[in-house]
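# Summary of structural features
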Amino acid sequence: MWCSVTPGTRPRLRLAAAAACSLALLTGCAAGASSEPDTAHADRQGPTVIGTDASAESRVTAALYRELLTDAGQPVRMSTTGYASPAATARAVVAGRIGLAPAYESTLLRTFPDGGTLPGNMPATLSMALPTGIDALPPAAAEHGVVLAVTRATARRHALHSLADLAGAGRRLTLGGSASGDPDAPTPSSLRKAYGVTLSGAGTSANADVLALRSTDPVITRDRLVVLTDPECVIPPEHVFPLIQAPDAGLAARKALARVNAALTTDQLAALASAVDAGRSPAATARTWLRSRGLLG
Amino acid sequence: MAAPQASAADSPTTKELLDACSWADLCEFHATDYWTYTGPKHQVGSTAYNCASQTNQHRIDWADTTGSTNTFGISISAEYKWFEVFTVGVSTTYSHSWEASHTDTESNTVNIPAGYKGWIERGTAKQQAKGWYEIHFGKRFYGHYIWYVNNYQSSGFNKDNPNTGYVNFKDAPMTSGERAAHCN
């Protein structure tokens, strides 16, 4: 299901041909304005440069993109710059320093907050946030967002399946977890507003009753935690998708990158990231996984 | 780095680029803005004149066509591939359907007081979208593989929410000239 993006009116993005041209002056690409101000050209003139942040998720997703594009015959190379965060990587794509990077929906909207929003329609909202020459290609099933999880014992004791069930817990539960400070993490106040539940904040404590965790956190699998569903969409969506310069996004590249979307679930991304965290190279991890699913030609 | 400049001779026109949508490798419309509004007030159907000495009912038949227009002044037809790409882009992005041309046909019965004229005013429910076209070519087109058409803005009938417009009955006393023209 698609969760809604935050409703609200923001200043409308204004486009200009000049902006389009300056944006497309990336490594390996050239852009220019014609004499008619409403048209511009932009050609890919070298390999597609893929950038990542330091996280295992980003590195292995970028490796998937690299394998898929190479398989489709598109020259690629990895950026030598390591970016500090997904926001920094997204800015690098928009600024034309790199051609492609894994991006996350709500993180991107926080990074580029000046577009309009259409509640419930993420593709529209991403389209409005991005300038001319930058494409948000369709997302994978995988999310890199925050989830709220409880132990199996807690879930059984209070019959917890969704965040709404927390209202019937019978006692005040605590809310903590390693992702509690994340911008995507719900607060006790937002949960009270959406679900009428009252939780006590417990900082980032790993011993809280309800844990805010990254959806790819290996502790979810290791400790067999129960992830609570979020029918009111309090937690913003963070599906992973290719943020790409239009000159790098030809038909063959789009088809190649889309091949991974159904197979790359949150569980699969978590497993791939765990393998990279354990010391395997992102490239080898990505190649093995793609081959095992018949996603390489 | 300075952007490479193209001269007028080696640059396609906006229309050439839009027409190329029908044969290019890839043609996409990326909406960046969408809004709805009520179009300008205009009369639909003819004016009815009540020359009788009591209030009478008059039937006014009308048909009103709302075409799609764009800021480039390029004519729009449903057969054009670039218009189809636009409608797909807007439908995908905003879940709103779009027609090249829409005609409403109605008959309204209005009560016109004695010695008055009556007519119908309409403000049509309209929608507007703005965005950019991304067009990829397999071979160089005017020297380049990829062209953008920026700032494309188009308005048309708001098929999904037609009730956001209005139809109002208006009346006013006939002038002596109108009485002479229509009541003798």
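Above: the structure in question.
Let me sum up the structure you'll find in this document.

Time to look at the overall build of chain B. Regarding its fold elements, chain B presents 3 helices and 9 strands. Each helix and strand of chain B, ordered N terminal to C terminal, gives the series α-β-β-β-β-α-β-β-β-β-β-α. Here the C-alpha atoms of chain B give a radius of gyration of 23 Å, more than 25% beyond the 16 Å that 2.2 N^0.38 yields for 184 residues. Across its three principal directions, the C-alpha atoms of chain B cover 80 × 35 × 30 Å. The buried share of chain B, taken over its 184 residues, is 48%. For chain B, restricting intrachain contacts to residue pairs at least 6 apart in sequence, the fraction spanning at least 24 positions comes to 82%. Only carbon and sulfur atoms are counted for the fraction: they give 47% of the accessible area of chain B, which is about 8800 Å². When the 13 basic and 18 acidic side-chain charges of chain B are each reduced to a single mean position, those positions are 5 Å apart.

Residue and element names in this part refer to chain B. For the structure on display, the rule yields 2 disulfides over all chains. In this model, C21 is linked to C27 through a disulfide, with the two sulfur atoms separated by 1.9 Å. There is no split in this pair, since C21 and C27 are both buried. Across a sulfur-sulfur distance of 1.9 Å, C51 and C183 are joined as a disulfide pair. Note on the C51 and C183 pair: the S-S dihedral is about -75°, so by sign convention the disulfide is left-handed. Of the two residues, C51 is situated in the loop between β2 (42-49) and β3 (56-67) and C183 in the segment after α3 (176-182); the sequence distance between them amounts to 132 residues.

Attention now moves to the packing of helix α2 (residues 56-71) of chain A against helix α11 (residues 282-292) of chain A. Residue and element names in this part refer to chain A. The N-to-C vectors of α2 and α11 enclose an angle of 60°; their axes lie 8 Å apart at closest approach. Comparing the axis directions of α2 and α11 gives the class oblique. Where α2 crosses over α11, the two elements pack in a sense that is right-handed. Facing α2, whose interface residues are R59, V60, A63, L64, E67 and L68, α11 presents P282, A283, T285, A286, R287, W289 and L290. Among the residues forming the contact of α2 with α11, the class breakdown is 9 nonpolar, 1 polar and 3 charged.

All names here are of chain A. Spatially, β9-β8-β10-β7-β11 is the arrangement adopted by the 5 strands of the open sheet, whose pairing is mixed. Since the sheet does not close on itself, it has two edges, and those belong to β9 (199-201) and β11 (226-227), each with one partner. Pairing analysis gives 2 bridges linking strand β7 (residues 146-150) to β11, with the strands arranged antiparallel. Note on β11: the bridge partner recorded for A149 is V227.

Turning next to the sheet that holds β2(B). Residues and elements named next belong to chain B. One open sheet accounts for 3 strands, arranged β2-β6-β9; its pairing is antiparallel. Looking at strand neighbours, the two that pair on one side only are β2 and β9 (166-173), the edges of this open sheet. For this sheet the average axis-to-axis angle between neighbouring strands, irrespective of direction, equals 20°. With 5 bridges joining them, β2 and strand β6 (residues 116-123) adopt antiparallel strand pairing. Bridge pairing in β6 places V44 opposite I120.

Analysis parameters
Each chain has its residues counted from 1, following the order in which its sequence is written. Starting at A for chains and at 1 for ligands, labels are handed out in the order in which the entities are written. Given that the model is predicted, a residue must reach a pLDDT of at least 70 before its local features are reported, and side-chain atom pairs must reach 80 or more before they are shown or counted; all residues, however, enter totals for whole chains, interfaces and linings. As a convention, hydrogens and water are excluded, and side-chain values are obtained from all of the structure's heavy atoms. By definition, any uninterrupted DSSP run of H or I lasting at least four residues is a helix, any uninterrupted run of E lasting at least two residues is a strand, and each is numbered from the N terminus. Based on C-alpha atoms, the radius of gyration is set beside the globule rule, defined as 2.2 Å times the residue count to the power 0.38. Any residue under 20% of the maximum accessible area for its type is buried, any over 50% is exposed, and the rest in between are partly exposed; the area is computed with a 1.4 Å probe on protein chains only. Working rule for contacts: check all heavy atoms of both residues, and any pair within 4.5 Å makes them a contact. Using the Shrake-Rupley algorithm and a 1.4 Å probe, accessible areas are obtained, with residue cover drawn only from the displayed protein chains. The positive count covers Lys and Arg only, the negative count covers Asp and Glu only, and His and the chain ends enter neither. Charge placement uses NZ in Lys and CZ in Arg. For Asp and Glu, CG and CD serve respectively. Pairs of cysteine sulfur atoms within 2.5 Å are what we label disulfides. Lines fitted to C-alpha atoms define the axes here, with helix axes fitted over just the stretch in contact, and angles between the N-to-C directions of these axes take values from 0 to 180 degrees. Oblique is the label for every angle not falling under 35 degrees (roughly parallel), over 145 degrees (roughly antiparallel), or within 65 to 115 degrees (roughly perpendicular). Two helices crossing with the near one rotated counterclockwise from the far one by less than a right angle form a left-handed crossing, whereas a clockwise rotation gives a right-handed crossing. Side-chain classes follow a simple rule in which Ala, Val, Leu, Ile, Met, Phe, Trp, Tyr, Cys and Pro form the nonpolar group, Asp, Glu, Lys and Arg form the charged group, and the remainder, Gly included, forms the polar group. Being paired, for any two strands, means DSSP has found at least two bridges between them.

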